[in-house]
Amino acid sequence: MKWRTVRIAAAAVFLIAAGTAFSGIAGAGAGFLHLQFGPALLSLCAAFSLGALASLLGIVLVTFLFGRLYCAFFCPLGILQDAAAFLCRRKKANPRNLAGLRYAVAAVACGMLAMGWSAGFYLLDPYSITGRFAVSFSLGSLVPFLAVLGLGIWRRRFFCTALCPVGTLLGLIAKYGVFRLRITGACVRCGKCVGECPSGCIDLEKGTIDNERCVRCMNCVSSCPLHGIHLVRPERKSIAFDASRRAFLKSGGMVLAGLAGGVVLAKAGMGKLAAFAGRFRILPPGAGNAVRFAARCTGCQLCTANCPEKIIRPAEYGTGPVSLDLSRGACRFDCNLCSRVCPTGAIRPLSLKEKQKTRIAEVRFLPKNCIVFQEGTPCGKCAGVCPTKAVTLRRTGAPRLKASLCIGCGACQAVCPAPQKAMVIHEIGEQVLLES
């Protein structure tokens, strides 16, 4: 019982911490979610950083040593699946080893990622699925989350062992790891461990445990009355060319086909993104441009939850990257939190000085709407709040706009008292860093 209790307690602590991050309470502390495998991998591909590399190597090392501890302790969707199955009193797992399916799915996702498109991880990364549900209660976030939860109630960790690309990659590492769960001679084949295993990876007839699918919940170890399951180093055995090798070759073919399919889908998808580029939206500082951002953002909504002004909004129906809604307020000049919490590198990490010089949009001054021009009413609010002095006042009190200094933060638009705004923010094709 000790191992299971430790695992449940640790998972509960992590889930609470993740809840604070997605609720916006954690602020910059939400950056601890950079330790998630999927986001760390995407971040490494989007913008190389030592932090992302260290996170990825740390998870890989722990998995190689002890197996898929990540799936049991630090995957929010995996923990929620276990909780749903427990509450529904469901213990039936999926005993079939769907190796071809999981390899093909992971290969497609990785093939897309190799071409610079994160769509595979957008759809199937457990962290991103959880984040979208936690922050944005839309159709696009609700359906995938409930589908995975439904699979968890029906077949426990079926998603983790057959569909999740993160689980597949970690499983391949665990399969050849240093310490593996093994059934010892003390086992009497009572079957308690099989009933408790959420992955369906225990074969009592053969007396084996599939460490590739095992998510290290340690239920089997805790439930065995004779302590017949241990985490040990495997015995070295020579393997003849048999059905298992033929299965390996078959799985290898699925991987190659999946990679090719992912590359093809990515090329087709990138073309659609290029067409989408004509429908620009205002993006968070550090996003670059619409095509780059759409290819890398998984819509995890961590930036949405932690934006202090609540101007980062999910896509309509929760089916795309986020954007800035400057009709709700201005992007704070003294804040770069979104680039600090983004775990995938879709929003490039910007120092505060870099963020303050990054043009994310442009403002247009419409004198026909300005109350100073039309009504002769003294105002000057736009000039008073402009952090870059792009808006100044003439001797007459009327605004003067110097567009070369404007970063498009929206502060002038937010304070404009005219019924029809005289300062109007518009999107731009490419974010640029202004010269000093």
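Below: a short report on this structure. All of these numbers come straight from a predicted model, not from anything done at the bench.

The rules behind each value
Residues numbered from 1 in each chain as written. Predicted model: local features only at pLDDT ≥ 70, side-chain atom pairs only at ≥ 80, totals over all residues. Heavy atoms only, no water. Core = buried A, V, L, I, M, F, W, Y, C linked by side-chain atoms within 4.5 Å. Buried < 20%, exposed > 50% of the residue type's maximum accessible area, 1.4 Å probe, protein only. Helix = DSSP H or I, 4+ residues; strand = E, 2+ residues; numbered from the N terminus. Contact = heavy atoms within 4.5 Å. Phe/Tyr/Trp six-rings, centres within 6.5 Å; stacked < 30°, edge-to-face > 60°. Lys NZ or Arg CZ within 6 Å of the ring centre and 35° of its normal.

Here's the deal with the nonpolar core
Right, on to step 1. Counting 38 residues, the largest nonpolar core has Phe293, Ile312, Leu324 and Met423 as the members making the most contacts within it.
Right, on to step 2. At the level of elements, α15 (290–296), β7 (358–365), α19 (371–375), α20 (381–385) and β10 (423–433) are the ones that each hand at least two residues to this core.
Right, on to step 3. Sorting elements by how many residues they give to this core places β7 first, with four residues.
Right, on to step 4. With sequence-adjacent residues up to four places away left out, Met423 is seen in contact with Val363, Arg364, Phe365, Cys382, Val391, Pro399, Cys412, Gln413 and Cys416.
Right, on to step 5. The next biggest cluster of nonpolar side chains, apart from the first, holds 27 residues, and it includes Cys75, Val148, Val166 and Val215.

Side note on the packing of aromatic side chains
Right, on to step 1. Here the structure, examined in full by the defined rule, presents eight aromatic pairs.
Right, on to step 2. An angle of 35° between the planes, with centres 5.7 Å apart, marks the rings of Phe22 and Tyr127 as tilted. Taken together, the residues span a long stretch of sequence, with Phe22 in helix α1 (residues 2–23) and Tyr127 in helix α8 (residues 126–135) at a distance of 105 residues.
Right, on to step 3. When its relative accessible area of 7% is taken as the criterion, Phe22 is described as buried.
Right, on to step 4. Arranged with centres 3.8 Å apart and planes meeting at 5°, the rings of Phe133 and Phe145 form a pair that is stacked. Note that Phe133 is positioned in helix α8 and Phe145 in helix α9 (residues 139–155), a separation of 12 residues in sequence.
Right, on to step 5. A residue is classified by how much of its surface remains accessible, and Phe133, at 21% relative accessible area, is partly exposed.
Right, on to step 6. Relative accessible area serves as the criterion here: at 5%, Phe145 is assigned to the buried category.
Right, on to step 7. Among the aromatic residues, ring-to-ring pairing joins Phe14, Phe32, Phe73 and Phe74 into one connected group.
Right, on to step 8. Its guanidinium or amino end placed over the ring of Tyr103, Arg102 lies 5.3 Å from that ring's centre, counting from NZ or CZ.
Right, on to step 9. Directly above the ring of Tyr122 sits Arg132, whose terminal nitrogen or CZ lies 4.2 Å from the centroid.

Re the side chain of Asn211
Right, on to step 1. Residue placement: Asn211 occurs in the loop between β3 (208–209) and α13 (219–223).
Right, on to step 2. Among the residues examined, Asn211 registers a relative accessible area of 8% and is labelled buried.
Right, on to step 3. What Asn211 contacts, discounting residues up to four positions off in sequence, is Ala174, Arg180, Leu181 and Arg216.

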